[in-house]
Amino acid sequence: MIQIAIPVRARPLALCECGARPQHVALLGQGNAPRAVGQFRGHGVRHRIECARCGARTEPQASFRACLDIWGRPGDQTQLQLTGRKRA
């Protein structure tokens, strides 16, 4: 799976709960996990909004607009149940 950070220039994203500016990430392909090999769903592009500082992120969505509905737009974000990175 390829992950590409896409700059958001038109309107900035709402700040993360930690105060950092999150980024829009496009996920291309399905990866090579045993359950994903041979599965072709849609066009293979998923979107996610994630914070590089604390690791909070949305689940992969079919569109960037769906991510915004979960993450929130500047000024209207409420506390969400976002997933974080698993610590080793």
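To keep things clear, this report deals only with the structure shown in the data block. (Residues numbered from 1 in each chain as written. Predicted model: local features only at pLDDT ≥ 70, side-chain atom pairs only at ≥ 80, totals over all residues. Heavy atoms only, no water.)

## Describing the sheet that holds strand β2 (residues 23-28)
On the basis of which strands lie adjacent, the open sheet formed by three strands has the order β1-β2-β3 and antiparallel pairing. On the outer flanks of this sheet lie β1 (2-6) and β3 (45-50), each paired with one strand and no other. Ignoring strand direction, the axes of neighbouring strands in this sheet form an average angle of 30°. Relative to β3, β2 runs antiparallel, the two being bridged by six bridges. (Pairing = 2+ DSSP bridges. Helix = DSSP H or I, 4+ residues; strand = E, 2+ residues; numbered from the N terminus. Axes fitted to C-alpha atoms, helices over the stretch in contact; angles between N-to-C directions.)

## Focus on the layout of surface pockets
Looking at the second largest pocket, its volume works out to about 180 Å³. Lining of the second largest pocket is provided by 12 residues; of these, Val-8, Arg-11, Phe-64, Leu-68 and Arg-73 occupy positions nearest its centre. Of the residues in the lining of the second largest pocket, the class split is eight nonpolar, no polar and four charged. (1 Å grid on protein atoms, 1.4 Å probe; cavity = no way out; pocket = protein on both sides within 12 Å on 5 of 7 lines; lining within 4 Å. Points joined across faces, edges and corners; volume = space filled by probe spheres on them. Nonpolar A, V, L, I, M, F, W, Y, C, P; charged D, E, K, R; others polar.)

## Comments concerning the pairing of β2
Two elements, β1 and β2, share five bridges in a ladder whose sense is antiparallel. Residue pairing in the sheet places Ile-2 in a bridge with Leu-28 of β2.

## Topic: the environment of Arg-53
Looking at where Arg-53 falls in the secondary structure, it is placed in the loop between β3 and α1 (64-71). If near-sequence neighbours (up to four positions away) are discounted, Arg-53 is found in contact with Cys-18, Gly-19 and Ala-20. Within the structure, Arg-53 has its side chain in polar contact with the backbone oxygen of Cys-18 (distance 3.0 Å). (Contact = heavy atoms within 4.5 Å. Polar contact = N/O pair within 3.5 Å; in protein donor to acceptor, adjacent residues only side chain to side chain.)

## So, the nonpolar core
The biggest cluster of nonpolar side chains holds 10 residues, and these are Leu-13, Ala-14, Cys-16, Ala-20, Ile-49, Cys-51, Ala-56, Cys-67, Leu-68 and Trp-71. In terms of residues, this core owes the most to one element, α1, which gives three residues. (Core = buried A, V, L, I, M, F, W, Y, C linked by side-chain atoms within 4.5 Å. Buried < 20%, exposed > 50% of the residue type's maximum accessible area, 1.4 Å probe, protein only.)

## Thoughts on the pattern of salt bridges
Pairs can form between side chains of opposite charge once their charged atoms are near each other. In total, this model carries one salt bridge according to the counting rule given. A salt bridge links Arg-48 to Glu-50; the nearest nitrogen and oxygen atoms lie 3.0 Å apart. The class for Arg-48 is buried, based on a relative accessible area of 8%. (Salt bridge = Lys/Arg side-chain N within 4 Å of Asp/Glu carboxyl O.)

## So, the side chain of His-47
Mapped onto the fold, His-47 is located in strand β3. For His-47, the contacting residues outside a window of four places in its chain are His-24, Val-25, Glu-59, Pro-60, Gln-61, Ala-62, Ser-63, Phe-64 and Cys-67.

Shape descriptors only; they carry no functional weight alone.
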